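Read off the chains here:
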Amino acid sequence: MTAIYKREFFSYFRSPIGYVALALFTFLSSYWFSMYLFNRGAINLAQEIKAIRNYLILIVPIITMALFSEDKKRGTEVIYYTSPISLFNVVCGKFLAAMTLFAIMFVNIIIHMIITVNLGGIVNVGTWGSVIVYFFFAALFISIGTFASAITDSQLISAIVCFVILYVINMLTSIAGMVATGVQSLLSIFTDDPEKIRKVCDAVQNAILWLDPFSKTNDFVYGKFSIAPLVFCFSGTVVFIYLTYRVLEKKRWSQA
Amino acid sequence: MSDNKNVNKAPKEKKVKEAVDNRSKVLKLTSIFSVIILIAIVILFNVIIDKILGKSLSFDMTASGHNTISEQSEEYLNSLPDGASIRIVGLFEEPASYSDTPLEYIVPLLQDYAKKSSGKVTVEYVDPTAYPYIISELDPTGIYDVANSAGLYAVCYEGKVSIIDPYDCFTYEQIFNESIGQPVDQPRYNIAESKFTNTMINLTKGYTNKAYIVADPRSTVKSVQLEAMLNNLGVEVEYLDYSDANFKVPLDCEILFLNGVSSDITETCAEALNTYLSIGGKMVVTADFVRIANNGANLNNLNTKVLNNRGINIEEFTVRETNSTYMFPGDASGYVFYASTSDQDVMSLGGSDKYVVQTPFILNKVSTKYDSSMTVTSLLTSSAQAVKVDYTGTDVIQGDFSVAMKSAGVNEGTYELYVFGFTTITSDDYMSTVPSSDSNVKLIRNIVKGSLNVNDTFEVESKNLANYSIDTSKLSLNGSSAMIVILVAGIPLALIVAGVIVYTKRKNL
Amino acid sequence: MIEINNLVKCYGKNKAVKGISFTVNDGEVLGFLGPNGAGKSTTMNIITGYLSSTSGTVKVNGHDILEEPEEAKKNIGYLPELPPLFLDMTVLEYLTFMSELKKVPKQGRKEHLAKIISMVKLTDVSDRLIGNLSKGYKQRVGIAQALIGDPAIIILDEPTVGLDPQQVIEIRKLIKFLAKNHTVILSSHILSEIQAVCDRVVIINKGKVAAIDTITDLAAKLSGNSKLLVAFKGQDKAAINALKAVPGVTDARTRIVSDGITELEIVIDPKKGGDVRSSIFYTFARNNWPIMEFRSLDPTLEEVFLNITNG
């Protein structure tokens, strides 16, 4: 696993991709930081980190699109199947390489923290809460990106799939609302009882809303830590990594 | 020969085919099922963690516990009868995000109330413009003015409604904002829990006492904080206009405040106050030396017609402290200092022996008018190195001077009179900048409680707000511009250039 | 040793491999021969674990490739049809990566890689980017990665495709050298190469094994006889009569007569090989028929191959 991890990680820096991603992240986070500096005279880093989460939707597909699709296209995936290593290690190695890149991006935030403290601002519990959420979200998103990259040999399709999935997750609140309305109109064909309809719609809406990691982790910014949302993100990550492993393993039984 | 071959081939091929179908099918199904089972386990696991254990796995890590209610509030909630139902309705649509708004400290707190109340407190958000039914539901007769309270919280219990403005859940101090060039109100302390719990207490128990604040409509000294403190003690507050020609102290007045007197009272007012005290009323007077000195006013009516009869006189002098132990840190003038007490009662009421005093009047006992039916005690005095200063600012003499006094009837049921020669005990300016545990605040609060025999109200500590502001003086315009440029443009560009360089170098390897 | 038993691979309704069985013995060089689409690469992919067979077993040194994949793969070095190269790495970086992947112990790794690099003659380009190398060098890098870890079994899928003749000879030399200490499976279109290097050959056609044997035995089995070609100056009929009298000669036929030179095809009983040729020589000498050309007409591998795959 270390071999694959090292290779993927350094390959980010052998081509401009790693640098571009770092530059993009630096630009976005510094832009937010400077907005605070100039306009408000007060810096709440927790808010900045929370805003960055939304940019992850853009940055993660760019970073993860080549993880597996490139190997498929280039023909180098045969290495993973014919070397004495388990495919699961391969998936984990690549996943960790992408995570490390994100950790490096995070150095930006640390720079901002140092500046804030030097200027007399505070870095408080809410900020650290944001930081923890950031890493868990990054893990979840990267695992989704890894999965998207494993199902196709085209980097473009992989990036698009990843982006779509992440965008849907971001929009879960509105989607929940729309689905509830849809279910409502559908049910109204079958029954006239408004109570029942409302109950079912509410249940459907709540079920979908429960899947939204953004709303679960809102409170971290205010210093309220709960373990349940973190468990949610972590198990989501595990599910997608396992899915990636299974997709790769498809070669074992695929009749296509 | 060939026939045999064919016959032999056929069953062999069939066997091979069957093995073919089976093995790949088995692997395919295993793969798919393992994924489905994993997802099912994960969802189940998360649901369990979330619903069953979720509540106990949350921690409020903020330094002052902004998002959790204190033990006292929990105790109060537990003391409510089982069927009690307090309904908190936010008259607005539930916000998806409330950072950087007052709601940031209120919404999670209310969630905590609901969580820890075993169903006795419910929190909901109904926008009255979208759902007007809520107005008639909560306030059918309109006396609580719910219709005009959009954007505020309505706390309802058994038909009674109290309106809470999120803005009022904080105390503010004025800070000069350099970028705007004007002073702005900056939130200083978070008193949301205090406000909500005490409102709930008042609703469920009702106000037990009544107080009046005598205010001069012309005066700029406000009493918002004092009123809030009294409300929290379960004391209902009303205002009396002392310039009223028919000034009278209502019969239901249990304690009266002359808050921040900045000019003399009228004769009518003085007579009414005198009468009030003689029937056993309780009064607190605080006087504003700076304003009176600047106005060149006097307090003749107040002194001669009310206070002197009770053995107290407000002198037209102030005190300047010279002993550095008592001088307020950061104030070199000596006019802001700590007055001290050796009175055990005062120490137990205020929890301290030093109280913040600013440019106070000197108070004196008036021996001619008081007799054995009353006791006059000095509550707070300056140090012996303080200097008596007159209206013009000229030093008169050095010594220790009394700045707060109490006069009370000896028998039970008789009057109580507290005179403070300074305002830093009940003024809005002072009370809004200190926590509720401040000695001055505690002193006045306990005086009120003692006078009114108020026993079971809950004091909830105000909470420090996280102060995200930065020291803008450390940041010159040039410095910050330079930093911004480096961060936003410099580093990204440097990274891209580095990438291009590394890439081209390697390309030619 | 590799045992392959009844390998079947289906792609949907299409059966690419329909029941292949053979054994590869330790230390031998096995050639894999077949027309395009016969299933050679598929079989090799299955042996190395890249694909999974629909049914059938592959056992490498006793380890089943599906049950004990890591054990089995440890013993195999594989060069697939398309060499799996990372174009953004240098040769040395790539080989280091592969050695880490194949769990070559860190101690001595450098020397091991240096040895392989010199074996495959990559020393000059070891610091160059793989993407910048010519096809020949790329192929060599592919071969190099198959040799990492000194696997007991080396499987090469068309190793000399795209190489110039000089390079082809070098690779052939290399394979012969490797054959001394390794088991090699080689698949190729270049029949002369297989002929030159391999001990045994497996001919695959349409997903099935068409023939397994040593080359000579195959050729022999196919023809049943040995054929000779003689070109001389003289009359064909007379020669044919004279030849038929020679013991061991079963048949003689005219092939071409041109410019006074007659070409005859003589079929002899292979069991009496050496003596018969001498007798034929003397026959011509006695009759004063100068021999211009005298050679064996044994079916080349090409003929065997075409015969088998078309028959």
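Cut-offs and rules
Residues numbered from 1 in each chain as written. Chains lettered and ligands numbered in written order. Predicted model: local features only at pLDDT ≥ 70, side-chain atom pairs only at ≥ 80, totals over all residues. Heavy atoms only, no water. Helix = DSSP H or I, 4+ residues; strand = E, 2+ residues; numbered from the N terminus. Buried < 20%, exposed > 50% of the residue type's maximum accessible area, 1.4 Å probe, protein only. Contact = heavy atoms within 4.5 Å. Areas by Shrake-Rupley, 256 points an atom, 1.4 Å probe, with all protein chains shown as cover. Pairing = 2+ DSSP bridges. Axes fitted to C-alpha atoms, helices over the stretch in contact; angles between N-to-C directions. Buried area = accessible area lost by both parts, 1.4 Å probe. Salt bridge = Lys/Arg side-chain N within 4 Å of Asp/Glu carboxyl O. Nonpolar A, V, L, I, M, F, W, Y, C, P; charged D, E, K, R; others polar. Core = buried A, V, L, I, M, F, W, Y, C linked by side-chain atoms within 4.5 Å. Polar contact = N/O pair within 3.5 Å; in protein donor to acceptor, adjacent residues only side chain to side chain. Parallel < 35°, antiparallel > 145°, perpendicular 65-115°, else oblique. Left-handed = near helix turned anticlockwise from the far one by under 90°. pLDDT = per-residue confidence, 0-100.

Caption draft 1: Quick look at the overall build of chain A. Secondary structure assignment for chain A yields 13 helices and one strand. When its helices and strands are written in sequence order, chain A yields α-α-α-α-α-α-α-α-α-α-α-α-β-α. Going through the 256 residues of chain A one by one, you find that 60% of them count as buried. Here the contacts in chain A between residues at least 6 apart in sequence split such that 78% fall between residues at least 24 apart. With the model as given, the accessible surface of chain A reaches about 9700 Å², and the carbon-plus-sulfur share is 71%.

Caption draft 2: Just the sheet that holds strand E8 (residues 183-187) of chain C, in detail. Residues and elements named next belong to chain C. Pairing within the open sheet is mixed, and its six strands lie in the order E6-E7-E8-E3-E9-E10. The strands lining the two open edges of the sheet, one partner per strand, are strand E6 (76-79) and strand E10 (208-214). In this sheet, adjacent strand axes meet at a mean angle of 15 degrees when their direction is disregarded. By the bridge criterion, six bridges tie strand E9 (residues 200-205) to E10 in an arrangement that is antiparallel. Its bridge partner being in E10, Val202 is matched across the sheet by Ile212. Contacts from helix H5 (residues 135-147) reach E6 and strand E7 (153-157), with the element oriented near 165 degrees to E6.

Caption draft 3: Inspection of the sheet that holds strand E1 (residues 2-11) of chain C at higher detail. Residues and elements named next belong to chain C. If you walk across this open sheet you meet the four strands as E2-E1-E4-E5, and the pairing is antiparallel. The open sheet terminates on both sides in strands that have one partner only, identified here as strand E2 (14-24) and strand E5 (63-64). Where helix H1 (residues 40-48) meets the sheet, it contacts E1, E2 and strand E4 (55-60), and its direction lies at approximately 120 degrees from that of E1.

Caption draft 4: Structural detail: the interface of chain B and chain C. Each side of the interface is counted separately: chain B has 10 residues, and chain C has 17 residues. Of the roughly 1100 Å² buried where chain B meets chain C, counting both sides, 47% is carbon and sulfur surface. On inspection of chain B and its partner chain C, the count reaches one salt bridge. Close ionic contact of Glu93(C) with Arg506(B) constitutes a salt bridge, the shortest N to O distance being 2.8 Å. Counting only elements with at least two residues in the side of chain B that touches chain C, the list comes to helix H1 (2-53) and helix H13 (477-507) of chain B. Ranked by the residues each element gives to the side of chain B that touches chain C, the list is headed by H1(B), at six residues. Looking at side-chain class alone, the side of chain B that touches chain C contains four nonpolar, two polar and four charged residues.

Caption draft 5: A look at the pattern of salt bridges. Applying the stated rule across the entire model yields 27 salt bridges over all chains. Here Arg7(A) and Asp88(C) are joined by a salt bridge, their closest N and O atoms 3.6 Å apart. Here Arg7(A) is found in helix H1 (residues 2-14), whereas its partner Asp88(C) is found in the loop between E6 and helix H3 (91-101) on a different chain. Judged by its relative accessible area of 23%, Asp88(C) is partly exposed. Residues Glu137(B) and Arg87(B) are paired through a salt bridge, measuring 2.7 Å at the closest nitrogen-oxygen approach. Taken as a pair, Glu137(B) in helix H4 (residues 133-138) and Arg87(B) in strand E2 (residues 86-90) lie far apart in primary sequence, 50 residues in all. The exposure class of Arg87(B) is partly exposed, given its relative accessible area of 21%. Overlapping salt bridges, with partners in common, bring together Arg7(A), Glu8(A), Glu70(A), Asp71(A), Arg74(A), Lys94(A) and Asp88(C) in one network.

Caption draft 6: Focus on the nonpolar core. Counting residues in each nonpolar core, the largest one holds 151 residues, and the members touching the most others are Ile63(A), Phe102(A), Met105(A), Tyr134(A), Phe141(A), Val58(C) and Tyr94(C). With 13 residues, helix H8 (residues 125-150) of chain A is the largest single contributor of residues to this core. For Tyr94(C), the contacting residues outside a window of four places in its chain are Ile79(A), Pro84(C), Leu85(C), Phe86(C), Met89(C), Ile130(C), Val141(C) and Gln145(C). Core analysis: the next-biggest nonpolar cluster, separate from the first, contains 39 residues, Met229(B), Tyr430(B), Met431(B) and Val448(B) among them.

Caption draft 7: Focus on the side chain of Asn440(B). All names here are of chain B. Along the chain, Asn440 turns up in helix H12 (residues 439-452). Look at Asn440 and you get buried, because its relative accessible area is 1%. Side-chain polar atoms of Asn440 contact the backbone oxygen of Val356, separated by 2.9 Å. Those residues in contact with Asn440 that lie beyond four places of it in its chain are Tyr355, Val356, Phe422, Thr424, Ile425 and Tyr430.

Caption draft 8: Inspection of the packing of helix H4 (residues 66-74) of chain A against H8(A) at higher detail. All names here are of chain A. Where H4 contacts H8, the two axes come as close as 6 Å, and the packing angle between them is 15 degrees. When the interaxial angle is binned, H4 and H8 end up roughly parallel. Between H4 and H8 lies a crossing of right-handed hand. Contacts between H4 and H8 pair Ala66, Leu67, Phe68, Ser69 and Lys72 from the former with Thr146, Ser149 and Ala150 from the latter. When the residues that make up the contact of H4 with H8 are grouped by side-chain class, the tally is four nonpolar, three polar and one charged.

Caption draft 9: Structural view of unusual backbone geometry. Residue and element names in this part refer to chain C. Despite not being glycine, Asn61 shows a phi value in the positive range, around 50 degrees. By the secondary structure assignment, Asn61 is in the loop between E4 and E5. By relative accessible area, which is 36% here, Asn61 ends up partly exposed. Residues other than glycine seldom take positive phi values, yet Lys103 does so here, at roughly 60 degrees. Note that Lys103 resides in the loop between H3 and helix H4 (109-119). Using a relative accessible area of 47% as the deciding quantity, one classes Lys103 as partly exposed.

Caption draft 10: The arrangement of the packing of H4(A) against helix H6 (residues 87-105) of chain A in detail. Residue and element names in this part refer to chain A. For the pair H4 and H6, the least separation of the axes is 10 Å and the interaxial angle reads 125 degrees. By the angle between their directions, the pair H4 and H6 is classed as oblique. From H4, Leu67, Phe68 and Asp71 reach across to H6, where they touch Val90, Val91, Lys94 and Ala98. For the contact of H4 with H6, the class distribution of residues is five nonpolar, no polar and two charged.

Caption draft 11: Here's a closer look at the environment of Ala332(B). Residue and element names in this part refer to chain B. Tracing the backbone through its elements, the reader meets Ala332 in the loop between strand E12 (312-320) and strand E13 (336-340). Using a relative accessible area of 74% as the deciding quantity, one classes Ala332 as exposed. As a C-alpha pair, Ala332 and Thr322 span 10 residues in sequence and 9.2 Å in three-dimensional space.

Caption draft 12: The confidence of the model for chain C, seen in detail. On average, residues of chain C score 83 in pLDDT, and 92% of them reach the 70 mark or higher. Taken over the whole predicted complex, pTM reads 0.70, whereas the ipTM for its chain interfaces reads 0.82.

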